[in-house]
Structures are given as C-alpha cells and as structure tokens.
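Spelled out, the chains give:
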2 protein chains.
Amino acid sequence: MSTAPAEAVSSREIRIVLCHTSQPGNIGAAARAMKTMGLDRLHLVNPKYVPSPEAEAMSTHAADVLESARVHASIDQALAGTVFAAACTARNRDLSHAVLTAREAGTRLLQEAARGPVALVFGPEKTGLTVEEVNRCSVIAMVPANPLYSSLNLAAAVQLFAYELRLAAEAPETLPQEIFDPAAYQDVERLFEHLEQTLYDIEFLDPKNPKRLMQRLRRLFQRARLEREEVNILRGILAAAQKRHKG
Amino acid sequence: MSTAPAEAVSSREIRIVLCHTSQPGNIGAAARAMKTMGLDRLHLVNPKYVPSPEAEAMSTHAADVLESARVHASIDQALAGTVFAAACTARNRDLSHAVLTAREAGTRLLQEAARGPVALVFGPEKTGLTVEEVNRCSVIAMVPANPLYSSLNLAAAVQLFAYELRLAAEAPETLPQEIFDPAAYQDVERLFEHLEQTLYDIEFLDPKNPKRLMQRLRRLFQRARLEREEVNILRGILAAAQKRHKG
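Below or above, wherever it landed, is the structure these notes cover. Owing to the predicted nature of the structure, the values given are computational and were not obtained by experimental measurement. (Residues numbered from 1 in each chain as written. Chains lettered and ligands numbered in written order. Predicted model: local features only at pLDDT ≥ 70, side-chain atom pairs only at ≥ 80, totals over all residues. Heavy atoms only, no water.)

1. Notes on the pairing of strand β4 (residues 84–88) of chain A
Residues and elements named next belong to chain A.
So, point 1. Counted residue by residue, β4 has 5 buried out of 5 residues, so it is predominantly covered.
So, point 2. Two elements, β4 and strand β6 (residues 118–122), share 5 bridges in a ladder whose sense is parallel. Bridge pairing in β6 links Cys88 to Phe122. (Buried < 20%, exposed > 50% of the residue type's maximum accessible area, 1.4 Å probe, protein only. Helix = DSSP H or I, 4+ residues; strand = E, 2+ residues; numbered from the N terminus. Pairing = 2+ DSSP bridges.)

Below you can see the structure in the form of structure tokens.
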C-alpha cells in the first residue's frame with residue numbers, strides 16, 4: 001500500500017508528549033515544528049504555564065496544534081492507549097532499553113503506528129526524562145550529537161524527530177523537479193563548431209594547437225548540460241563577437 | 001582514510017551564513033544548534049542586532065560559537081573564499097538551480113568541503129533569501145515538509161541541516177571522487193562582471209533589460225560549477241572579444 005507522505009503521517013496517531021516543560025516558548029516552537037512535518041497531536045504533561053502569549057507567539061502559524069493540545073497530570077495519562085513509546089534523551093541513563101538513533105526511531109514509530117497510537121516522549125529542558133519516565137517507554141531514541149555538547153533545544157529536538165518521521169513516511173520523489181529543457185546533441189555539436197570558429201576569428205585560439213582548449217571548453221559545457229535556449233543565447237553571443245571583429 | 005565523524009565535520013570549513021536575521025534569539029539558538037552537531041563557524045550578514053542578551057540566553061552553552069561569529073555587510077563578503085554554497089529555502093522561487101534535499105545537501109557539502117570552504121546560507125525569518133542571494137549559491141537545499149505549512153523556524157532549520165552534515169560525516173565514502181579544482185566565489189563573480197561588460201561592448205546585451213539574460217547565463221555557469229582554470233580561459237576569451245579587430 002502506498003500513501004502520500006502527509007497522509008501517512010497524519011492519518012496515524014503519533015503523539016508528541018512534552019513532560020514538565022518549563023518554557024512556554026518551547027511549547028509553541030514545538031507545535032510549529034510538528035506542523036511543518038504534518039504532525040498535530042500534542043500532549044503536555046504538567047506544563048509550567050499553559051496557555052501563554054509566549055507559546056502562541058512562538059507557534060507562529062501552528063496555533064491550531066497548540067489549541068488542540070491535551071494537558072495531562074501524569075505521563076501515564078498521556079501514554080494511555082499507546083502501543084509504543086520512544087523516550088527521547090541525550091543521555092543513556094540506564095542500559096535496560098534498546099537505543100535507536102533518531103532515524104531508526106522514525107522508521108520504527110511509523111511501523112508501530114500501523115498497530116495503534118504511538119508516542120515520542122520528551123523531558124523538561126534542564127534535566128530531561130527521569131529513569132521512571134524512561135521506564136514507561138518501549139525504547140530510547142537518541143540524536144547522534146557532539147559528545148562535548150549534546151544538549152539540543154527541546155523544540156529543535158522535536159523538529160528533528162518529526163522530520164525523521166516524515167522522511168520515513170515519504171515516497172522517494174517529493175521535491176519539485178528542476179525544469180530542464182535539454183538541447184539536442186546535434187545542436188550542442190553545432191555550438192562547439194561555432195565556438196571554435198569564433199575563437200579563431202577573435203584570434204584567441206592558437207591554430208597550431210586548438211585541441212586542448214576546445215576539450216576544456218567541451219568538458220565545461222558537457223558538465224553543465226545545455227538547455228535549448230542556452231544554446232541559442234550562446235550562438236547569439238558568438239555571432240555578435242564575430243561581427244564586431246569583421247567590422 | 002577514515003576519520004571520526006566529529007573530526008570530519010570540525011576539521012573542514014563549513015560556514016553557516018545567516019542573512020539579515022531579525023531576531024537575536026534565533027542567532028543564539030542557531031549557535032547552539034551548530035554546536036550540538038560539532039559546527040562552529042557562524043557568519044552573520046547584516047544582522048538586525050548583535051550582540052544581544054537574548055542571543056546569549058538562547059545560545060546556552062554555545063557562547064563560544066556566538067562570540068567567534070563573523071559579521072559581514074554583504075553576502076559576497078560572507079561567501080568570499082568558498083568553493084560551494086547551498087541556499088536553504090522553503091520555497092522554490094525559480095527553478096534555475098539543482099534542488100537537493102537536506103539529506104543530499106549534507107552529503108554533498110561534506111564532499112565539497114574536502115576541496116575548500118563551503119557554506120549553508122539561510123535568509124531572514126519572514127521572507128527567506130532573495131532571488132539575487134540564491135543566484136550567488138551553487139544549489140538550492142530544501143527540507144521536505146508539510147506542503148500546507150512548510151516554514152521552519154530558522155534555528156530549527158539550522159539544527160536539521162547541521163544534523164544531516166553530522167550524519168553524512170559518519171557515512172563511509174564509496175565512489176572515487178572526480179578530480180575537480182573549483183574556482184573561488186569572488187573569481188566567478190568577477191567573471192560575471194567581465195562577461196556583462198563584454199556583452200555590452202559587442203552590442204549583444206540590451207542595456208534596457210540586461211537582467212534576464214545575465215540571470216540565464218549565471219544559471220548556466222552555476223550549474224556547471226567552474227574550475228579555476230576555466231575561469232581564466234573564459235576571461236581570456238572575453239578579453240579577446242573586447243579587443244577590436246585591427247584589420
């Protein structure tokens with residue numbers, strides 16, 4: 001079964017659970033990060049302040065995600081009904097859990113989401129998730145980072161995991177393709193002939209040894225791959241240069 | 001030769017260029033995002049406010065990155081000396097550049113960084129990069145996102161590209177690299193100036209409307225990516241075309 005990426009992400013229940021967040025701006029920024037990747041189920045466990053103007057300001061055009069956020073008193077409530085949860089943490093606090101990279105976590109969460117609601121769980125800014133909270137999750141998910149400073153901003157971490165979820169859901173061809181109207185082989189060859197003649201006319205080419213230079217120029221234009229209109233422009237320039245030297 | 005990922009990222013010159021950033025908090029957050037992934041060369045083009053307490057607060061433990069940031073008056077200054085630059089944009093404003101995903105951009109930038117300094121260029125929060133700024137870059141890089149809302153926070157975008165760079169550094173290199181001796185940014189820009197002047201001299205360019213044609217030609221040569229020697233050859237040809245025929 002193949003589905004459009006947005007559909008694959010949004011039709012499944014993927015919860016972003018933020019525990020004990022202390023800065024409202026981070027909640028707003030997380031909502032924005034989620035929306036850019038097509039996620040909309042925000043769950044807040046015991047947030048310090050909600051709602052707040054700061055959170056709204058940081059959410060920019062994701063006010064809908066913020067407004068529909070569900071607020072819980074405990075992580076148990078936030079995870080109720082889920083079939084799989086990944087604890088996002090910079091440190092590996094205990095070795096009892098399987099540890100996935102963010103990329104692996106994206107793939108895994110999407111797989112598990114076919115079976116029921118899943119969750120990505122984030123701790124508070126300063127301290128991260130407690131051992132007890134991690135123990136309520138199925139796996140640990142980590143972002144590969146600088147060992148000397150691995151502490152991502154909360155919303156930046158949400159952005160990154162949400163991005164990996166979206167990529168995991170995506171079909172190969174997503175970006176708009178460059179518009180490209182390639183010139184035909186024979187037209188490119190005629191351009192090279194015209195170029196060579198012009199370089200003689202303007203006395204740039206050494207008639208004794210024209211080959212090496214023409215090869216360099218061929219290489220340049222072959223690397224570029226010329227468009228039809230570009231061939232016309234270049235031939236126009238060559239004609240203008242020839243005319244000036246005859247005149 | 002195999003190097004540790006952190007080393008591969010930090011030993012090469014990878015510039016993060018933020019153009020006309022309006023919110024100091026975003027500059028600080030971008031510095032933090034860079035540091036978590038082992039990047040430390042921040043370049044600011046005409047930032048609204050710098051330094052600022054807000055930027056410092058958002059940088060958390062990345063004050064060193066912020067303090068060593070270089071401030072420029074123009075994008076030309078920030079890109080001087082680079083051999084490759086990717087314009088990060090959410091919208092594909094014109095289809096004149098090759099478009100890479102963030103993931104592809106990470107791999108490509110790291111490859112190019114073996115040849116000289118490279119840059120990832122970000123526009124201001126509200127409007128993004130202008131066409132003129134994009135035209136100074138080698139490729140466009142985009143984050144696959146929700147088509148209904150694709151506007152990532154600036155620092156979140158920096159986080160994501162920096163993360164992809166780090167992951168790319170962890171992947172082993174496979175194919176042998178093409179031998180390529182790229183021209184420096186400023187030499188390519190000087191070539192474009194010389195080209196424009198020559199097109200006036202040979203009466204090819206319409207002085208009333210030179211822009212569109214020059215953009216077409218820029219597009220062609222940016223796509224090709226010029227080598228140092230090719231710039232010399234092309235400037236030699238231009239000089240010969242400018243000289244009036246003596247006969």
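Having seen the model, we can carry on.
2. Structural notes on the state of the cysteines
Residue and element names in this part refer to chain A.
So, point 1. Scanning the entire structure with this criterion turns up 0 disulfides over all chains.
So, point 2. Looking at the unpaired Cys19, the closest cysteine sulfur is the one in Cys137, lying at 7.8 Å.
So, point 3. Among the residues examined, Cys137 registers a relative accessible area of 7% and is labelled buried. (Disulfide = S-S within 2.5 Å.)

3. A short note on the side chain of A:Asn153
Residue and element names in this part refer to chain A.
So, point 1. With respect to the helices and strands, Asn153 occurs in the loop between β7 (139–142) and α8 (154–169).
So, point 2. At 3.2 Å, the side chain of Asn153 and the side chain of Asn26 are in polar contact.
So, point 3. In terms of polar contacts, Asn153 uses its side chain to reach the backbone amide nitrogen of Ala156, at 3.0 Å. (Polar contact = N/O pair within 3.5 Å; in protein donor to acceptor, adjacent residues only side chain to side chain.)

4. Notes on the sheet that holds strand β1 (residues 14–19) of chain B
All names here are of chain B.
So, point 1. Strand order in the open sheet formed by 7 strands is β3-β2-β1-β6-β4-β7-β5, and the pairing between neighbours is parallel. A single partner strand is all that each edge strand has here, and the edge strands are β3 (70–72) and β5 (99–101). The sheet shows a mean angle of 30° between the axes of neighbouring strands, taken without regard to direction.
So, point 2. The sheet contact formed by β1 and strand β6 (residues 118–122) spans 5 bridges and is parallel. Across the sheet, the residue bridging to Val17 is Val121, located in β6.
So, point 3. The strands touched by helix α6 (residues 102–112) are β1, β4 (84–88), β5, β6 and β7 (139–142); relative to β5, the strand with the most contacts, the crossing angle is about 105°.
So, point 4. Contacts from helix α8 (residues 154–170) reach β1, β4, β6 and β7 within the one sheet, and its direction differs from that of β6 by about 155°. (Axes fitted to C-alpha atoms, helices over the stretch in contact; angles between N-to-C directions. Contact = heavy atoms within 4.5 Å.)

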